[in-house]
Amino acid sequence: MSITLDHVFICCEPGGPEAEALVALGLTEGTGNVHPGQGTANRRFFFHGGFIELLWVHNVGEAQSALTAPTRLWDRWAGRQAGLCRFGVGFSPGGDEVPGPPFDAWPYRPTYLAPDKAIWFAQHTSLREPALFYMAWPHPQASAVGQRREHPAGLVRLLGASVGLPAGTPLSPASLAVRSAGLLGFHISTEPELRLTFDAAHDVVLDLRASLGLLLQGARHAS
């Protein structure tokens, strides 16, 4: 049984205007959606192996509700420009078998999911480190079915992610667990930063750290 990187989210401005910079750099935008009862909406970019989600709060009441508040999506989004980590990293089973979460976690059951499904959020994480969550059902990029994954920039397959944090930032047991399992890297950065690596049609670097704290690095796979 295996677990794989599924997608990342980045807290952004309402309406996700930062997505226009990704489009301008050669990424093809997929469909966005709204999360009923959760108070969030998104714009998304799909690749083989995962996707990037630009996430914002559109309904404060729902985001601060008793159901959603424990996810701290509101706290993370509201504090994204005050030094909190604006990133979330999601994992899913790498095949048909479903192992347990790779960290101590609690089940979040939003109204937009079937009653038998839960998103498991890591416990005891700090808002200074990324949110970690696990979708505990066979999830072979079902949400990407039918999505365009051809990008003029040349990025093809999402291979991995690393989160940059200021020196001395303590890592929770959950972050240490995913690092130890090789699911997520961590590096030192003066500001929170998300580096994504891709298999690509050619070597490419897309730097959106000024607006999103995001760095995309693609390298052509050696044949």
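Residues numbered from 1 in each chain as written. Predicted model: local features only at pLDDT ≥ 70, side-chain atom pairs only at ≥ 80, totals over all residues. Heavy atoms only, no water.

Colleague: I'd like to hear about the sheet that holds strand β9 (residues 155–165), residue by residue, with values.
Modeller: Read from one edge of the open sheet, five strands run β10-β9-β11-β13-β12, paired in mixed fashion. Sheet topology places β10 (185–188) and β12 (204–208) at the edges, where each strand pairs with a single neighbour. For this sheet the average axis-to-axis angle between neighbouring strands, irrespective of direction, equals 25°. (Pairing = 2+ DSSP bridges. Helix = DSSP H or I, 4+ residues; strand = E, 2+ residues; numbered from the N terminus. Axes fitted to C-alpha atoms, helices over the stretch in contact; angles between N-to-C directions.)

Colleague: Tell me about the pattern of salt bridges, and please be specific about residues and values.
Modeller: Scanning the model with the defined rule gives six salt bridges in all. A salt bridge links R43 to E20, with the nearest nitrogen and oxygen atoms 2.7 Å apart. Here the residue R43 occupies a position in strand β3 (residues 40–47), and E20 occupies one in helix α1 (residues 19–24), the gap between them amounting to 23 residues. Owing to a relative accessible area of 43%, E20 belongs among the partly exposed residues under this scheme. The residue R43 makes a salt bridge to E29 at a minimum N-O spacing of 2.7 Å. Of the two residues, R43 is situated in strand β3 and E29 in the loop between α1 and β2 (34–35); the sequence distance between them amounts to 14 residues. A relative accessible area of 16% places R43 in the buried class. (Salt bridge = Lys/Arg side-chain N within 4 Å of Asp/Glu carboxyl O. Buried < 20%, exposed > 50% of the residue type's maximum accessible area, 1.4 Å probe, protein only.)

Colleague: Please provide a residue-by-residue account of the nonpolar core, values included.
Modeller: Membership of the largest hydrophobic core comes to 58 residues, with the highest contact counts inside it found for F91 and L196. Setting aside residues no more than four positions away along its own chain, F91 makes contact with I3, T4, L5, D6, F103, L132, F133, Y134, M135, V178, L183 and L184. (Core = buried A, V, L, I, M, F, W, Y, C linked by side-chain atoms within 4.5 Å. Contact = heavy atoms within 4.5 Å.)

Colleague: Summarise unusual backbone geometry; cite the residues concerned and give the values.
Modeller: Unusually for a residue other than glycine, R72 sits at a positive phi of about 60°. Topologically, R72 is positioned in the loop between α2 (60–63) and α3 (73–78). Within the chain, H124 stands out as a residue other than glycine whose phi angle is a positive 60°. Its place among the elements puts H124 in the loop between β7 (119–122) and β8 (131–135). Classification of H124 by relative accessible area gives exposed; the value is 67%.

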